[in-house]
Amino acid sequence: MVSMHAPMTGAVAELPPLQVPRMSKRKPNILVVDDGLTYARVVADHLPELRLVTPDGQPCLRDGPSALAWLDRHVDEVDLVLLDMHFDVPDEKLLPLPNEPSLRRQKRFQGVAILREIRHRHPALPVVLLTAEQDLSLVDVDGQLAAQSMTYVLDGEDLDTLRIRINAALQEASQGLEEDDLLWGGHRAMAAIRRRLEVLSRGSMPVIIEGETGTGKSFLAERYLHRKSGRKGAFVTLDLSAVPTELVASHLFGALRGSFTGAVADRKGVFELAHHGTLFIDEIQNVPIEVQKQLLVVLQERKVRPIGAAREIDVDVKVVAASNQPLALAVAEGRFRQDLYMRLGPATRVVIPPLRERLGDLPFFARRIVTRAAEDPENAPLKAEVARAAGLTSEAPMHVLLGRSDTPPPSHALALVLPEPAWKVLSAHRWPGNMRELHSVMHHLVAFTLVAAADALRSGMPLKNPRLQVDVGLVGELLSASQALNAPRAAAPASPAAPAPAPVHSQVRGVTPLPAVDTDARDTFLVKVRPLGSLNAVAVDVERQYFFALYKRFGGDFARMAEVLLGDPAKERAIRLRFNQMGLKVRELRGR
Amino acid sequence: MNEELLTMNPPHPSSAPPDPRELLADLAHDLGKYLRMPVAFLPAAASDDEVRDAARRALLETRVTPTGTRGARALWEAFLAEGGDALRGREGFDELERAVARALAWETRVRDGGSALERPALVADFSAVSAAIRALSQRLD
């Protein structure tokens, strides 16, 4: 399956960036949160390149509640927080640390409680936590706080170490947690991947990207690597999970008419299509072993000879090879040539961690996806209608309220309220479909909730509350399709030197395998042919039945239907359009 | 017991008798860390006056918090009074006591002014307290 995109001509700016620090010529603003004055003095006296923020004339904020209240109002004035760990403050000024019953320990690790709240409320705000890493590990059991890229742990006590930590945090923050339509989040691994991809985008050396299904390999390759590369040609995708083995060579290299049985016309290969551009080969481990040698030669010689052709064609292509399993494993099992593997550059391969390993970013991702989903063309008119009914403007953004303790959204926004049980379910889910699954679930929550609200309005019910509560049952329903896959799985190894055992992988790009369903039969259904007035009417009826069966099988996941029907989950909108054309109403199907 | 100790909050009434390791962890923070920090964070080119001022803060204003200002001597005495004294006789305690005594011995020179303080010796003596706390704590583990 080949898809081709014209070169990107501009950024897809949907939302204003988060709190990107103004890193121009002015000094970065540093807020010290410390029960003592030591760090404030250090900044004021010995770090002239920084400006100490003095809330209400004070050199620092002395406890968690004061700091959080002040930050809620003035976060835009702060570029970085220096946060102490130990707070010797009155009991009523302590934020709770649920796993620390001892008051003494609550004080000693108070910085963690404050950090958690800052992460929750201001995920892009860099924080340097002033403690030794071993102390943090005592309370940050799952390591999520320490793994946040905006959190730095000061592991030395000298001016240069502090200066380096602050500088690194400011540099990283200047990149932001999102970039155009890419959601990076705050996990340290993603920051490293971002830096690595930026370097790898230069030149024409191949790049390997590994990661489970749904982690966004092709998205990153196109929206980041290709875009950053500055290459003038097209971004071309070849999905080898959808190409019959015997046709892989002709898809890769092209073929002349009559060169083999079934070659009824000249066919350009993807190398030729991607000339001066980027070729994304998905599931590269599916290249038949007998074709791998040819592929190696093309990569080495930068020339391709279409099947049946007498002459070679020069090609300038940057190859991005993707796999949902460690390629090293395929090499070890003899399914993938070692020389080809080495040619692809395994030393610089990029391994995208699954979503379940960066759940600290879940609130941030959920917020951004909800806001964007509400602006989708199919949702925006409904959102505007509901917003107007609630006394807001049609352009009111949609925010999400995640559970009981989340910060209320601004008064000018429509709120999608996820009740505490629903948020708990989402937080505990292991997301086997990774970011694709999260996108799908959040999009559906927005769509179903807006439709329900709009239906209520049209039924004459007054709806004045700008808070739309999500149906808790719907969350479970949306997650149920993948819950059978929730058992922990081995992740792709983080280090090329230590490949992990192979995870269970889908053989179909982007499609989360269904439990107990034969893969070959996943798109096969029985439909009843009924005599109707015309062949066209019969065909439409058959198609309707097929689409309805597909909808039920995939639990209403249009991305997965698009994957099956069009080979690209991103084309879910085309499926929705077809549903509309056939008169299949999602809100009605949901109840059937 | 000096005046600084009197400004401290009394122990929280609900707190149980403190575990010695917890006491040492607090001492590592309050005394070990804050005794060392002011001098450690000085720029390399700090003047004699800056070194003296940092040493004064390290020794006499070791912990300035909303609950009071405590000097290094007060923090040490509070540690002993709260249960640290019970560690006397444990391996490593004598080394800690000696390290604290060496650090506190700088008080006179800091208060009196006069000749410049030898920064390397100052850093070494202040850092030794932290190392001795850590060593004793590890022995308790």
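What comes next concerns the included structure. These numbers come from a predicted model, not from an experiment.

1. As for unusual backbone geometry
Residue and element names in this part refer to chain A.
Then, number 1: One non-glycine residue with positive phi stands out, namely His-276, at about 65°.
Then, number 2: Its location among the elements puts His-276 in the loop between helix H11 (270-273) and strand S13 (277-282).
Then, number 3: The backbone phi angle of Arg-302 is positive, close to 60°, even though this residue is not glycine.
Then, number 4: On the basis of relative accessibility, which here comes to 32%, the residue Arg-302 falls in the partly exposed class.

2. Digging into the interface of chain B and chain A
Then, number 1: Between chain B and chain A, the contact holds 25 residues from the first and 27 residues from the second.
Then, number 2: Summed over both sides, the interface of chain B with chain A buries roughly 2,300 Å², with 51% coming from carbon and sulfur.
Then, number 3: One can count 9 salt bridges joining chain B with chain A.
Then, number 4: Across the pair Asp-88 of chain A and Arg-70 of chain B runs a salt bridge, and its minimum N-O distance is 2.4 Å.
Then, number 5: Elements with a minimum of two residues in the side of chain B that touches chain A: helix H2 (20-40) and strand S1 (63-65) of chain B.
Then, number 6: Tallied by class, the residues present in the side of chain B that touches chain A amount to 11 nonpolar, 4 polar and 10 charged.

3. Remarks on the pattern of salt bridges
Residues and elements named next belong to chain A.
Then, number 1: According to the stated counting rule, one finds 40 salt bridges over all chains in the structure shown.
Then, number 2: The partner of Glu-179 in a salt bridge is Lys-228, and the shortest N-O contact between them spans 3.4 Å. Taken together, the positions of Glu-179 in strand S7 (residues 178-179) and Lys-228 in helix H9 (residues 217-229) put the pair 49 residues apart, joining distant regions of the chain.
Then, number 3: Glu-375 is paired through a salt bridge with Lys-383; the nearest N and O atoms lie 2.7 Å apart.

4. Quick look at helix H8 (residues 188-200) of chain A
Residue and element names in this part refer to chain A.
Then, number 1: In this model H8 runs 18 Å from its N-terminal to its C-terminal C-alpha over 13 residues, within 8% of the 18 Å that 1.5 Å per residue would give.
Then, number 2: Taken together, the buried positions of H8 are Met-190, Ala-191, Ile-193, Arg-194, Leu-197 and Leu-200.
Then, number 3: On the buried face of H8, the contacting elements are helix H7 (159-175), S7, strand S9 (207-210), H9, strand S16 (317-323) and strand S17 (350-351).

5. Observations regarding the packing of helix H3 (residues 48-60) of chain B against helix H7 (residues 119-140) of chain B
All names here are of chain B.
Then, number 1: Packing of H3 against H7 leaves a shortest axis separation of 11 Å and a crossing angle of 15°. Judged on the interaxial angle alone, H7 and H3 are roughly parallel. When the axes of H3 and H7 are compared, the crossing they make is left-handed. Note on element contacts: H7 touches H3 through Arg-119, Leu-122 and Phe-126, opposite Val-51, Ala-55, Ala-58 and Leu-59.
Then, number 2: For the contact of H3 with H7, the residue count by class is 6 nonpolar, no polar and 1 charged.

6. Re the packing of helix H15 (residues 362-374) of chain A against helix H18 (residues 434-458) of chain A
Residue and element names in this part refer to chain A.
Then, number 1: Remark: H15 packs on H18, axes separated minimally by 9 Å, with the N-to-C direction vectors making an angle of 50°. Put simply, H15 runs oblique to H18. The handedness of the crossing between H15 and H18 is right-handed. Across from Leu-362, Phe-365, Ala-366, Ile-369, Val-370, Ala-373 and Ala-374 in H15, the residues of H18 making contact are Met-435, Leu-438, His-439, Met-442, His-443 and Val-446.
Then, number 2: In terms of residue class, the contact of H15 with H18 is built from 11 nonpolar, 2 polar and no charged.

7. Here's the deal with the environment of Phe-126 of chain B
Residue and element names in this part refer to chain B.
Then, number 1: Summarising the element assignment, Phe-126 is placed in helix H7.
Then, number 2: Separated by 24 residues in the primary sequence, Phe-126 and Arg-102 place their C-alpha atoms 8.3 Å from one another.
Then, number 3: Excluding anything up to four places from it in sequence, Phe-126 contacts Leu-35, Arg-36, Val-39, Ala-55, Ala-58, Leu-59, Ala-103 and Trp-106.

8. A closer look at the packing of aromatic side chains
Then, number 1: Tallied over the full model, the rule gives 9 aromatic pairs over all chains.
Then, number 2: Ring geometry for Trp-184 of chain A against Tyr-224 of chain A: centres 4.9 Å apart, planes inclined by 80°, an arrangement best described as edge-to-face. In this pair, Trp-184 of chain A is assigned in the loop between strand S8 (182-183) and H8 and Tyr-224 of chain A in helix H9, connecting sequence segments 40 residues apart. Note on accessibility: Trp-184 of chain A and Tyr-224 of chain A belong to one class, buried.
Then, number 3: Here the aromatic residues Trp-76, Phe-79 and Phe-93 of chain B are joined through ring pairs into a cluster of three or more.

Cut-off values and rules
Residues numbered from 1 in each chain as written. Chains lettered and ligands numbered in written order. Predicted model: local features only at pLDDT ≥ 70, side-chain atom pairs only at ≥ 80, totals over all residues. Heavy atoms only, no water. Helix = DSSP H or I, 4+ residues; strand = E, 2+ residues; numbered from the N terminus. Buried < 20%, exposed > 50% of the residue type's maximum accessible area, 1.4 Å probe, protein only. Contact = heavy atoms within 4.5 Å. Buried area = accessible area lost by both parts, 1.4 Å probe. Salt bridge = Lys/Arg side-chain N within 4 Å of Asp/Glu carboxyl O. Nonpolar A, V, L, I, M, F, W, Y, C, P; charged D, E, K, R; others polar. Expected span 1.5 Å × (residues − 1). Axes fitted to C-alpha atoms, helices over the stretch in contact; angles between N-to-C directions. Parallel < 35°, antiparallel > 145°, perpendicular 65-115°, else oblique. Left-handed = near helix turned anticlockwise from the far one by under 90°. Phe/Tyr/Trp six-rings, centres within 6.5 Å; stacked < 30°, edge-to-face > 60°.

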